[in-house]
Every structure is written in structure tokens, then in C-alpha cells.
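# Structural overview
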Amino acid sequence: MQNVKILLDESEIPRQWYNLAADLPTPMLPPLGPDGKPVSPDMLAPVFPMNLIEQEVSTKRWIDIPSEILDILYRWRPAPLRRAVYLEKYLKTPARIYYKDESVSPAGSHKPNTAVPQAWYNKQFGIKRLTTETGAGQWGSALAFACSLIGLECKVFMVRISFEQKPFRKLMMQVWGANCIASPSNLTNAGRTILASMPDTPGSLGIAISEAIEAAVTDSTGETRYSLGSVLNHVLLHQTIIGLEAKAQLKKAGEKLPDIIIGCAGGGSNFAGLAFPFAQDMINGAQMTIIPVEPTACPKMTRGQFVYDHGDVACMTPLLPMHSLGHTFIPKPIHAGGLRYHGMAPLVCQGIVEGLFKPRAVAQLKCYESAMIWAKTEGTICAPETSHAIAAVIDEANKCRESGEQKVILFNYSGHGLMDLAGYDAYLSGKLTDYVLPDDEVQKNLQALKGMPKAEARKSGRW
Ligand SMILES: Cc1ncc(COP(=O)(O)O)c(C=O)c1O
């Protein structure tokens, strides 16, 4: 019998995170302040604690994981690497498909891998309270979980459409003691401004981020900071534990490096967590195809532009060099709430500019068809975000069937969908539709970037 679970002992857990910024052949462009000049670490201090800012700007290749953080992560890490033999058989593919199962965390996704360190570093810095935003509720529930273990208060602004579609995620946050609020809300200037002009808006991650930052920086006690679940360098850094474990596990399974690596990408964190440790091998000469997958309804990597843009609607964040659809873009309410974000992590974007990563967009119906195949073969019900990765995996595995190539495909099973059954309900009752963002809509939102500093697409030309 083929081994379908490849496990690591607690003693084999990675003890350092990997920082891709140390190895990118072309250095990253810096984030810019409102005056168009690079932001200094001090300017970020009202928003984040200095120990996390140091990680944000670090170019050290390896960063130690404190043992107190590992003690919390042992609850579910090392996470299993599984071989999708049942899907392989169904597809009649000679490809070997492996997936990192991040759905085993207490909150059900990869998000606690960074929620725990973020809460821990804030606590070390003397912070009492964290604010954040959440799309589908995965990040909000992960931070609520981490704050409850570490002893911090937690306030979560949840994108209104998900607040309504996903009441159980809100309840998870409440069980872990967090305060969850539908965004836009009346609690902040940013929220009130949006509600005045668009009272029926489904909300967006960009709006919720503005509210959460405002709630943190306007707390006069100075004991509140903001926490982000994706996009930033330190968040991606914490997620690299996924790829580092996967490397050790593939070796145990007798495999060399994978041929193809796939992850869905909202702000880029689960994709980066799996892919960055392997991108280091590519930079050192290995051949791989690394694919971040996004929805056709929110196609920032495949149809947006590489620009300097804000991470939020109210322009409270610095300008980040990234692929973006414009910070005013409000995506259609597709079920993959965590993929409804206008921008992408700058580190992932620099990898795209270099040609290390080859992004792809998939439509919603195809994703649900793939999730149904997955449920009927492998047995688990995936998150709507994860179904984007599975759709691309099935495409690649089918190509292998046609060509006869025995490729190794590795992907990130970023979360389960047991709190997201409304999307399956819509699919099964034939109510789900596809949405491809029209070109004029892309152009209209990119207009918001007129007059902003230009981001130069610098690359080594190696890929
Ligand atoms: C299960 C799952 N996968 C993927 C994502 C996308 O986020 P990221 O690109 O940061 O991994 C989310 C975001 O909420 C999620 O909940």
C-alpha cells in the first residue's frame, strides 16, 4: 500500500523561518509614504510593534522561531503532507500529487501560522489589544484563537457580505473571545464615509483594513496595534514553515524537488508559505513551475498592473509596489472571500516580475466543479479559496495524462470549507455563476492610481 500520509515528529519542526528577500536577484522596491519617499521603520510604529517591523524590513535569510511560539504551534504542527492517490486514480494521471494539509489547524486554515507569532510579538512588546480585518472569517478566527491563548483583546472588522454569508465564523471568533463587527461600520470615519456614499455595499477587504488601522491608531492609550493576515513580508515569513516542512516530507517520501507548485492567492500568504522555500532552489538553479492562482472575478496578478498602490480604500497604508486592480476596486461577492483583495504581496509580485512565478486565473464554477471532484475522491470539503488551487492541480494532472509525464505536483490545501457550505449550496442548487471582470472595469479602477509614483519592473532576466 502506498503511504498517503507523510508525517514529521515534533522534533523535526523547522526552527527558523525563511526570508525570500535575502535571495531575490533584484532587490525589492521600498514602500513609500504620502510624500513619495521611502517609509522608515519609525513611521510604522503607531501601527505595528517594533519587533515585527524589524522582521518586515529584514533581509536576513533565516530568522529563529522562538521556542514559546513553537510550543503553541505543536498543537497541529508539523502538519501532514498527504498524497492525493484517490484523485490521481480518478484522473488516471501518471502525475504524483502531494498536498500540505493546513486545514488541520484549530481555526481550519494556514492563518494561525502567522496569527500566533503576531500575537506573541505584540504581547512581548507590551501591547494589550489587536485590531484586524477579515474577509471570509478565516483570518479573524485565527487571530481570535491566537489572542485567546496569548492573552490579548481582539477586535475584528469582517467584510459585510461574509458577515452575512458566514455566521459560524463570527461565532468561532466569539467563542475565542473576540469582538466581530460587520464592515463598513459606523465605528470609524472610514466606515461612515463609505456608508454615506454606498449604503448597500457588500464591503471589501480594502475597506475593512482602513477601519481596523483607524481603530488601532486612534486608541489614545497607545496599547492597541493592528495585525494583518496576509500581504506583508513578516506575514509571508511566518508562513514559510509550510514549505520548509513540505521539503523535509517530500524527501521522506523519496521525492526530489517538485516539478509544479500551486497555491491559491488572495494576499499571497499561503502561496508564499509553500512556494518561497522552493523559490530559493529555483534561484540556485533548479527548474520548477510555480503557479499562484486567483479568481477571474479579482484578477490582479493576471490583468492588474504592477504599480505603487495603497493596501486599503482610505489610503492609510504606505504605497506598496504590487500588482493591483486599484485600491477603490470592490470585487463581486464571489464565495472565495479570502481572494477578494485588490492587491498582492510585494514579495510575490517581485517574484512575478522576475518570472519565477506564473500566475493564472480560474472562474468560480470550475473551482466548485473541482472541489466536488476532490470531495468525492479525497473525501474532504475544501475552502472556496483552496478550490482555486485544486482546479489548477487538476488541469496540470490532466496535462500529464495526455503527455504521459510523471510530474510531481505539490499544492497547498490552505483550509477546509466546513464553515463555507453556503457556496456549495449555491453550486448544488444551480445558482452559482461565473464572473469575468470586464476590461473597462479594470481600466476604470486603475484610474485611481493616476499621479502616484511609478513602480519600475526591475528584473534580472534569468527566467
Ligand atoms: C482557506 C484560505 N485560503 C487562502 C486564503 C487567501 O489568503 P492568502 O493569499 O493570504 O493565503 C484565505 C484567506 O482568507 C483562506 O481563508
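Residues numbered from 1 in each chain as written. Predicted model: local features only at pLDDT ≥ 70, side-chain atom pairs only at ≥ 80, totals over all residues.

## Some points on the overall build of the protein chain
Let me state the cut-off plainly: Secondary structure follows DSSP: runs of H or I at least 4 residues long count as helices, runs of E at least 2 residues long count as strands, and numbering of each begins at the N terminus. Partly exposed residues are those falling between the two cut-offs: more than 12 but fewer than 20 other C-beta atoms within 10 Å of their own, whereas 20 or more means buried and 12 or fewer means exposed, with C-beta atoms placed from the backbone.
Within the protein chain, the secondary structure is distributed over 19 helices and 15 strands. The buried share of the protein chain, taken over its 463 residues, is 56%.

## As for the domain arrangement of the protein chain
Accessible area lost on assembly of the parts is the figure often given for the size of an interface. Using the following cut-off: Domain ranges listed in this record stem from an automatic or a database domain assignment. By the convention adopted here, residues make contact when the C-beta atoms placed from their backbones lie within 7 Å. Only Asp, Glu, Lys and Arg are considered charged, only Ala, Val, Leu, Ile, Met, Phe, Trp, Tyr, Cys and Pro nonpolar, and every remaining residue, Gly among them, polar.
Taken domain by domain, the protein chain consists of domain 1 (5-12 + 69-108 + 233-449) and domain 2 (29-63 + 111-226). Once you take the C-alpha centre of each, domain 1 and domain 2 turn out to be 22 Å apart. Listed as interface residues are 41 residues of domain 1 and, on the opposing side, 42 residues of domain 2. Sort the elements by how many residues they give to the side of domain 1 that touches domain 2 and helix H11 (residues 233-239) lands first, with 6 residues. Looking at side-chain class alone, the side of domain 1 that touches domain 2 contains 23 nonpolar, 15 polar and 3 charged residues.

## A look at the site of the ligand
Operational definition: Only the C-beta atom matters for this test: placed from the backbone, it must lie within 6 Å of a molecule or strand for the residue to be near it.
Neighbouring residues of the ligand: 21 residues in total, closest Gln138, Ser230, Gly266, Gly338 and Gly415. Top contributing element to the shell around the ligand by residue count: helix H13 (residues 269-283), with 3 residues. When grouped by side-chain class, the residues that make up the shell around the ligand number 7 nonpolar, 13 polar and 1 charged. A domain split of the shell around the ligand shows at least three residues from each of domain 1 (5-12 + 69-108 + 233-449) and domain 2 (29-63 + 111-226).

## Quick word on the sheet that holds strand S14 (residues 360-362)
Condition: Any two strands are treated as partners once DSSP identifies two or more bridges connecting them. The axes are straight lines fitted to the C-alpha atoms, using for helices just the contacting stretch, and the angles between their N-to-C directions are given from 0 to 180°.
Read across the sheet, 7 strands follow the order S1-S4-S5-S15-S10-S11-S14 without closing on themselves; strand pairing throughout is mixed. Bordering the open sheet on either side are strand S1 (5-6) and S14, each of which pairs with just one other strand. The pairing of strand S4 (residues 81-83) with strand S5 (residues 96-101) spans 3 bridges and is antiparallel. Residue pairing across strands places Leu81 opposite Lys100, the latter belonging to S5. Across the sheet, H13 touches S5, strand S10 (260-264), strand S11 (289-295) and strand S15 (408-413), and the angle it forms with S10 is around 155°. The sheet strands contacting helix H17 (residues 384-403) are S5, S10, S11, S14 and S15, and the helix crosses S10 at an angle near 155°.

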